[in-house]
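Here's the letter readout for the chains.
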Amino acid sequence: MDKTILAVGATSAIIQALLRLYAENGARFVLLGRNAERLDVVKNDLTARGGKVLESQVLDFEQLHAHEKIIREIFSRHAGINVAIIGHGMLGDQRAEQNSFPAAEKSLVANFLSYVSILTPVAEIFESRQSGSLVVISS
């Protein structure tokens, strides 16, 4: 089966390693990440390895209420997406998070709530199709 992959956190080193394997088999990609320049590097690397990048887009993982609309628009433009790989996040500061609710909240948004806000519409779309694969990598 042909793979069209939505990669959220595409600039993450572990996600890039996984995407490279798919690229060598000619997969197509929609890339989401925090940094446009780093997304361009990933796009060029995947293309050089035999993949095809259909779209790359900067996503603010802290804007939780925008995620559903963005995800649905992406699936509308790229109806063939059949794999979603989610692997973004941030490395927190344990001491700061123990002593400061705002620091703990920032980590929870990046490493948990943003996953939920992205995975909910993806899972709903895949469930309505009765097909699709989710790969979730988190710490």
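Our subject is the structure listed above.
Position numbers for residues count from 1 along each chain, tracking the sequence in the order it is written. In keeping with the model being predicted, local features are shown solely for residues with a pLDDT of at least 70 and side-chain atom pairs are shown and tallied solely at 80 or more, while totals for entire chains, interfaces and linings include all residues. Calculated side-chain values reflect all of the structure's heavy atoms, with hydrogen atoms and water omitted.

Visitor: I'd like a description of the packing of aromatic side chains, backed by residues and values.
Guide: Classification of ring pairs rests on two measures: the distance between centres of Phe, Tyr or Trp rings, Trp counted by its six-membered ring, which must be within 6.5 Å, and the angle between planes, read as stacked under 30 degrees, edge-to-face over 60 and tilted in between. A full pass over the atoms with the stated rule returns one aromatic pair. Between the aromatic rings of Phe75 and Phe126, the centroid separation amounts to 5.7 Å while the plane-to-plane angle is 80°, which identifies the pairing as edge-to-face. Pair noted here: Phe75 is in helix H3 (residues 64–77) and Phe126 is in helix H5 (residues 101–129), with a separation of 51 residues, a long-range link. Of the two residues, Phe75 and Phe126, neither departs from the other in class, the shared state being buried. Only DSSP runs of H or I with at least four residues qualify as helices, and only runs of E with at least two residues qualify as strands; both kinds are numbered from the N terminus onward. When a residue's accessible area, from a 1.4 Å probe over protein chains only, is under 20% of the maximum for its type it is buried; when over 50% it is exposed; and in between it is partly exposed.

Visitor: A description of H3 should follow, citing residues and the corresponding values.
Guide: The terminal C-alpha atoms of H3 lie 21 Å apart, and with 14 residues this matches the ideal 20 Å at 1.5 Å per residue to within 8%. Taken residue by residue, H3 has His67, Ile70, Ile71, Ile74 and Phe75 as its buried positions. Along the axis of H3, the buried positions cluster into a sector of 130°, meaning they face one direction only. Turned more than 90 degrees from where H3 packs its buried face, His65, Lys69 and Ser76 sit exposed. Residue count minus one, scaled by 1.5 Å, sets the expected span of a helix. Arc definition: directions from the helix axis to the C-beta atoms.

Visitor: Account for helix H1 (residues 13–23), naming residues and giving values.
Guide: Among the residues of H1, those classed as buried are Ile15, Gln16, Leu19 and Ala23. Mapping the buried residues of H1 onto a view down its axis gives an arc of 100°, with all of them on the same face. In H1, the exposed positions angled more than 90 degrees off the buried face are occupied by Ala13 and Leu21.

Visitor: An account of the sheet that holds strand E4 (residues 83–86) is requested, with residue identities and associated values reported.
Guide: Strands are treated as partners if at least two bridges between them are detected by DSSP. The strand order E3-E2-E1-E4-E5 describes an open sheet built from five strands, whose pairing is parallel. Where the open sheet ends on each side, the last strands, each with one partner, are strand E3 (52–58) and strand E5 (133–136). Between one strand and the next, the sheet's axes are offset by a mean angle of 15°, whatever the strand orientation. Across four bridges, strand E1 (residues 4–8) lies against E4 in parallel orientation. For Ala7, the partnering residue across the bridge sits in E4 and is Ile85. The criterion used for residue contact is that any of the two residues' heavy atoms lie within 4.5 Å. Between the N-to-C directions of two axes lies an angle of 0 to 180 degrees, each axis being a line fitted to C-alpha atoms and, for a helix, fitted only over the stretch in contact. Here helix H2 (residues 36–48) sits on the sheet in contact with strand E2 (28–33) and E3, set at roughly 160° to E2.

Visitor: Explain the pattern of salt bridges to me, using residue names and the numbers behind them.
Guide: Once the charged atoms of two side chains with opposite charge are near each other, the side chains can pair. Any carboxyl oxygen of Asp or Glu that lies within 4 Å of a side-chain nitrogen of Lys or Arg is treated as forming a salt bridge with it. By the definition in use, this model includes eight salt bridges. A salt bridge links Glu55 to Arg77; the nearest nitrogen and oxygen atoms lie 2.7 Å apart. Within this pair, whereas Glu55 is found in strand E3, its partner Arg77 is found in helix H3, the two being separated by 22 residues in sequence. Glu55 gets classed as buried once you look at its relative accessible area, which sits at 15%. For Arg77, a relative accessible area of 44% translates into the label partly exposed. Each of Arg20, Glu24, Asp45 and Arg49 takes part in salt bridges that share partners, so that together they form one network.

Visitor: Lay out unusual backbone geometry in plain terms, naming residues and giving numbers.
Guide: Positioned with a positive phi, Gln130 is a non-glycine residue whose angle comes to about 60°. Here Gln130 shows up in the loop between H5 and E5. We classify Gln130 as exposed; its relative accessible area is 74%.

Visitor: I'd love a proper account of the nonpolar core, names of residues and values included.
Guide: The definition of a nonpolar core used throughout is a set of buried Ala, Val, Leu, Ile, Met, Phe, Trp, Tyr and Cys residues joined through side-chain atoms within 4.5 Å. If you look at the biggest cluster of nonpolar residues, it comprises 19 residues, and the most contacted ones within it are Leu6, Val8 and Phe75. No other element matches H5, which puts six residues into this core. Contacts of Leu6, omitting those with residues within four sequence positions, involve Val30, Leu32, Ile71, Ile74, Phe75, Ile81, Val83, Ala84, Ile85 and Val122. Of all hydrophobic cores here, the second largest spans 15 residues; its members include Ala23, Val42, Val53 and Ile85.

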